Amino acid sequence: MTSELTRGERLQIMLTPGELEAIDNFRFEQRMPSRAAAVRELLRLGLASVGIKPAPTGVKSGSFGVLDNGDAQQLDGT
């Protein structure tokens, strides 16, 4: 079984213990399945706050992406 969404890029970041705790707290409060899902949701929320169209909510973690269909037009808020 293959997913329509492919994640060909890996992003590694260094976090302070407090930052990691904040992500974990968000994850558990939102009942998210993984840290990765929580980070993607936080990215989606952050992008939405500056006018970038978010991906739809309510999708499975394996199908979740930050941008809806990856359209370049969404990057400029249109």
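Here is what the cut-offs are and how they apply
Residues numbered from 1 in each chain as written. Predicted model: local features only at pLDDT ≥ 70, side-chain atom pairs only at ≥ 80, totals over all residues. Heavy atoms only, no water. Helix = DSSP H or I, 4+ residues; strand = E, 2+ residues; numbered from the N terminus. Buried < 20%, exposed > 50% of the residue type's maximum accessible area, 1.4 Å probe, protein only. Contact = heavy atoms within 4.5 Å. Areas by Shrake-Rupley, 256 points an atom, 1.4 Å probe, with all protein chains shown as cover. Core = buried A, V, L, I, M, F, W, Y, C linked by side-chain atoms within 4.5 Å. Expected span 1.5 Å × (residues − 1).

Caption draft 1: Focus on the overall build of the protein chain. Scanning the protein chain from terminus to terminus reveals two helices and zero strands. Residue burial in the protein chain is summarised as follows: out of 78 residues, 22% are buried. Within the protein chain, residue pairs in contact and separated by at least 24 positions form 27% of the contacts whose partners lie at least 6 positions apart. Total accessible area computed for the protein chain in this model is approximately 6,200 Å², and 54% of it derives from carbon and sulfur atoms.

Caption draft 2: The arrangement of the nonpolar core in detail. Listed in full, the five residues of the largest apolar core are Ile 23, Phe 26, Met 32, Ala 37 and Ala 38. Of all the elements in the fold, those that place two or more residues in this core are helix H1 (17-29) and helix H2 (35-49). Excluding anything up to four places from it in sequence, Met 32 contacts Phe 26, Arg 27, Ala 37, Ala 38 and Glu 41.

Caption draft 3: Structural detail: H2. With 15 residues, H2 should reach 21 Å at 1.5 Å per residue; the first-to-last C-alpha distance of 21 Å fits that figure. The elements touched by buried residues of H2 are H1. One or two steps after H2, the chain reaches Gly 51, where phi turns positive at roughly 95°.

All we've got here are geometric facts, nothing functional implied.
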